[in-house]
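Topology and contacts: notes
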Amino acid sequence: MVRDVHCIIGASGQLGTELALGLKRAGEQLVLMDIKQPVYPELLDLPFEMIDVCERGGLADRLGAHRVTHVYHLAAALSARGEQDPQWAWNLNMKGLLNVLDIAHAMPGIRQVFWPSSIAVFGPGSGPIAAQSGHRLPATVYGISKNVGEHWCAWYHQNRNVDVRSVRYPGLVGSLAPPGGGTTDYAVEVFDHIGEGLPYRCFLEAGEVLPMMHMGDAVEAALGLMAAPRSALRCAEAYNIQAMSFSPEELFLEIRRHAPDFAFECIPDFRQDIAAGWPDGLEDSMARADWGWAPKVDLPALVASMMEARLSRLPLNA
Ligand code: SER
C-alpha cells in the first residue's frame, strides 16, 4: 500500500497553517506549497516548495516529484481584497482551481482533492439561513469565483472522475496566522487590539450577524470530509457547514467578559455592503448526515481560546 502524501497549496495562509499543523500532529506525511515561506516554527522542518498555483507546469512537476496523493488547494483571493483587484482575484481563484483539477485528472496518483468554497456563494435572495440548495447570487468577485468553482468541481467529478470535495466555510477565527483580505477578518484582528488603550475600530455595523467558525472546527471539517467514503457523499458541489453566528457587538461583549476595559466603535466601510448580502447562518443537515459534521466550539469557547492564545504568541500581524 502506497503511503498517503498530503500537499497543502496555500500552506502559509490562515487555514493552511492550521491544517498543516493538524496533519503533522496526526503523523501524516506532508508537503507544503505557497508563494510565501511558512513562518510557524513547528512547520519549518517540513518539505516546502515555493510554487505559484497559476503556474501549471511547475505545480504538476512538484506534485509528481513528491508523489502526492491528497491535495488541499487553499490559495485564493478573499472577498474584500478581491473587490479591489477583480482581474487578479478571478485569475488566481479560477486558474488555480482549474490547474489543480486538471492535474488531478492527469495524475492518477492524486486520489483526492479538497477545495474550500464559502458563504460568499450566497447573496441577496438566499434568506437569513441559507439552505444547502439555496438561491445563489454572489455579489463579489470572490463569491462568483467560488460559485463557478463549485460547478467546476462537480463537472470534474462527473466527467473526469476527480474525487474533489468541498465545504462552504464561514468566517474563520484562529490564532496562528492572519487572514488575508476577508470581510470577516475583524473577528480575528480585534484580538490584536485588546489592551491598546484605544477603542477597536470595526469596519462592520455592530449588529451585522454572520456565520463564523473556530479554526479547530474548520480543520476538523476538512479532515472529516476527506476521510468519508465517497459513496456516502450526496453533494457534488460544496456542503453547507454551520458552527455559530454572531454580530461584532456580540463578539465584543464576550471579549469584555475577559477584558473589562475593552472598548470598540463601529465605522462601517465597503465591507459592510459585502457582509449585508451574506446569510446569518447556513442549514447544514446534509453535512451532519453524510459525513458526521459536528462542530465543537461555540462563541464563549472561541473567545476563551483566542484570549489564551494572545498570551503565548506574537501579534498576528507582526
Ligand atoms: N472569510 C471569507 C471572507 O470574508 C468568507 O468566506 O472573504
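See the structure shown above.
This write-up is about the structure you can find in this document.

What counts, and where the lines are drawn
Throughout this description, residue numbers start from 1 for each chain and increase along the sequence as written. The model is predicted, so local features are restricted to residues of pLDDT at least 70 and side-chain atom pairs to those at 80 or more, both for listing and for counting; the totals for chains, interfaces and linings are taken over all residues. Values reported for side chains reflect all heavy atoms of the structure, with hydrogen atoms and water molecules removed beforehand. Here, a strand pair is defined by DSSP locating no fewer than two bridges between the strands. By definition, any uninterrupted DSSP run of H or I lasting at least four residues is a helix, any uninterrupted run of E lasting at least two residues is a strand, and each is numbered from the N terminus. The contact rule is simple, with two residues in contact once any of their heavy atoms fall within 4.5 Å. Every axis in this analysis is a line fitted to C-alpha atoms, fitted for helices over the stretch in contact. Angles between the N-to-C directions lie between 0 and 180 degrees. In this text, near means that some heavy atom of the residue lies within 4 Å of the molecule or strand in question. Counting of polar contacts relies on pairs of N or O atoms within 3.5 Å, with two restrictions inside protein: one atom must be capable of donating a hydrogen and the other of accepting it, and residues adjacent in sequence are counted only when both atoms are side-chain atoms. The Shrake-Rupley method, run with a 1.4 Å probe sphere, supplies the accessible areas, and residue values consider only the shown protein chains as cover. Side-chain classes are defined by residue name, with Ala, Val, Leu, Ile, Met, Phe, Trp, Tyr, Cys and Pro counting as nonpolar, Asp, Glu, Lys and Arg as charged, and the others, Gly among them, as polar. We call a residue buried when its accessible area falls under 20% of the maximum for its residue type, exposed when it is over 50%, and partly exposed in between, using a 1.4 Å probe and counting protein chains only. Here, the arc refers to the directions that run from the helix axis to the C-beta atoms. Within this scheme a cavity is a closed region of a 1 Å grid, computed over the protein atoms alone, that accommodates a 1.4 Å probe without allowing it to escape, whereas a pocket is open but has protein on both sides within 12 Å along at least five of seven lines; lining residues each have an atom within 4 Å of a point. Grid points are joined across faces, edges and corners, and a volume is the space filled by probe spheres set on the points. We define the nonpolar core as a collection of buried residues of types Ala, Val, Leu, Ile, Met, Phe, Trp, Tyr and Cys that are connected through side-chain atoms lying within 4.5 Å of one another.

The strand order across the open sheet built from six strands is S3-S2-S1-S4-S5-S8, with neighbouring strands paired in parallel fashion. Among the strands making up the open sheet, the edge pair consists of strand S3 (48-50) and strand S8 (164-165). Against the sheet, helix H4 (residues 86-106) makes contact with strand S1 (5-9), strand S4 (70-73), strand S5 (112-114) and S8, and its axis sits at roughly 170° relative to S4, the strand it touches most.

Every residue close to the ligand is listed here: Leu78, Ser79, Ser118, Tyr142, Tyr169, Gly182, Thr183, Thr184 and Trp278. Contact distances for the ligand include 3.3 Å between an oxygen atom and a side-chain N or O atom of Tyr142. Measuring from an oxygen atom of the ligand, one finds a backbone N or O atom of Thr183 at 2.6 Å. Across the complex, the protein chains shield 94% of the 240 Å² of accessible surface that the ligand would expose by itself. Looking at side-chain class alone, the shell around the ligand contains four nonpolar, five polar and no charged residues.

Turning to helix H8 (residues 248-258), a few remarks are in order. Along an α-helix, residues three or four positions apart point the same way, because every turn accommodates 3.6 residues. What H8 keeps buried is the set Pro248, Leu251, Phe252, Glu254 and Ile255. Relative to the axis of H8, the buried residues are bounded by an arc of 160° and lie together on one face. Those residues of H8 that are buried are in contact with helix H6 (186-189), strand S11 (200-202), strand S14 (244-246), strand S15 (264-266) and helix H11 (299-310).

This paragraph deals with helix H2 (residues 56-65). The complete set of buried residues in H2 reads Leu59, Ala60 and Leu63. The buried residues of H2 occupy an angular sector of 95° when the element is viewed end-on, so they sit on one face. Buried residues along H2 sit against S1, strand S2 (29-34), S4 and H4.

Turning our eyes to something else, we now look at the layout of surface pockets. Empty space within the second largest pocket amounts to approximately 260 Å³. In terms of lining residues, the second largest pocket is bounded by 15 residues, among which Glu18, Leu21, Arg25, Ser175 and Leu176 are the most central. Secondary-structure elements contributing two or more residues to the lining of the second largest pocket are helix H1 (14-25), helix H7 (215-227) and H11. If one sorts the elements of the lining of the second largest pocket by residue count, H1 sits on top with four residues. For the lining of the second largest pocket, a count of residues per class yields seven nonpolar, six polar and two charged.

This part takes up empty space enclosed by the protein. Here the structure, examined in full by the defined rule, presents one cavity of 30 Å³ or more. Considered as a void within the structure, the largest cavity measures approximately 40 Å³ in volume. Lining the largest cavity are Ala11, Ser12, Thr17, Pro38, Val39, Tyr40, Leu43, Leu176 and Ala177. Split into classes, the residues belonging to the lining of the largest cavity amount to seven nonpolar, two polar and no charged.

Below, the discussion takes up the nonpolar core. With 36 residues, the main nonpolar core has Tyr186, Phe191, Leu251, Phe252 and Ile255 as its most contacted residues. Secondary-structure elements contributing two or more residues to this core are H6, S11, strand S12 (210-214), S14, H8, helix H9 (270-276) and H11. Tallying contributions element by element places H11 first for this core, with five residues. Those residues in contact with Leu251 that lie beyond four places of it in its chain are Tyr186, Ala187, Val190, Phe191, Phe246, Leu299, Leu302 and Val303. Counting residues in each nonpolar core, the second largest holds 33 residues, with Ala11, Tyr169, Cys235 and Trp293 among its members.

Attention shifts here to the sheet that holds strand S13 (residues 239-240). As summarised here, the arrangement of the three strands in space is S6-S9-S13, forming an open sheet in which the pairing is parallel. Every other strand in the sheet has two partners, leaving strand S6 (117-118) and S13 as the edge strands with one partner each.

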